[in-house]
Amino acid sequence: SYQVRKLQEDFPDDFPNRLAMSILDEAAATAETYVPLVISIGVENLVMLGDHKQLNPLVLATGGDREIKDKNVDRSFMERAMACQ
């Protein structure tokens, strides 16, 4: 999201105020804590691509695996969305 904001600042006349679409490839391997960063740039539509049954997000924490499980940050937003069906 930093790079998109930088482009918006550097090229205000050439860059739209809002992005119509953002594509998040390998969304199933992206921790759900990263999704708010994508949404914060003002994207109207978020397309998530990936297989929620393949790669899990890689999450590292100083407290180790137990802390990751306790805070439930070891799943992707896509995995959470698929569980809501």
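For every chain, the first residue of the written sequence is number 1, and numbering continues from 1 along that sequence. Per-residue local features of the predicted model are confined to residues with pLDDT of at least 70, and side-chain atom pairs are confined, for both listing and counting, to 80 or more; whole-chain, interface and lining totals are unaffected and use all residues. With hydrogens and water excluded, all non-hydrogen atoms of the structure serve as input to the side-chain values.

> I would appreciate a short explanation of the pattern of salt bridges in the present structure.
Charged atoms that come close allow side chains of opposite charge to pair. Within this document, salt bridges are pairs made up of a side-chain nitrogen of Lys or Arg and a carboxyl oxygen of Asp or Glu, the two lying within 4 Å of each other. For the structure shown, the criterion picks out one salt bridge. With a closest N to O distance of 3.1 Å, K6 and D10 form a salt bridge. Taken together, the positions of K6 and D10, both in helix α1 (residues 2-10) and four residues apart, correspond to about one turn of that helix. Take K6: its relative accessible area is 36%, and that puts it in the partly exposed class. Categorising residues by exposure relies on relative accessible area from a 1.4 Å probe, with only protein chains included: less than 20% of the type maximum marks a residue as buried, more than 50% marks it as exposed, and the intermediate range marks it as partly exposed. We classify D10 as partly exposed; its relative accessible area is 41%. Strands are runs of DSSP state E lasting at least two residues, helices are runs of H or I lasting at least four, and both sets are numbered from the N terminus onward.

> I keep staring at the pairing of strand β1 (residues 21-24) and nothing clicks. Help me out?
Note on strand geometry: in a regular strand, side chains alternate between the two faces of the sheet. Because side chains alternate across β1, one face comprises the buried residues S22 and L24, and the other comprises M21 and I23, none of which is buried. Direction of pairing for β1 relative to strand β2 (residues 45-48): parallel, over a ladder of four bridges. Residue pairing across strands places I23 opposite V47, the latter belonging to β2. Should DSSP find at least two bridges between two strands, the strands are regarded as paired.

> Looking at this structure, I do not really get the side chain of T30. What am I missing?
Looking at where T30 falls in the secondary structure, it is placed in the loop between β1 and α2 (35-39). The class of T30 is buried, set by a relative accessible area of 17%. Think of a polar contact as two N or O atoms within 3.5 Å of one another; within protein, one of them needs to be a possible hydrogen donor and the other a possible acceptor, and neighboring residues in sequence only count if both atoms come from side chains. In this structure the side chain of T30 is engaged in a polar contact, spanning 3.1 Å, whose partner is the backbone oxygen of E26.

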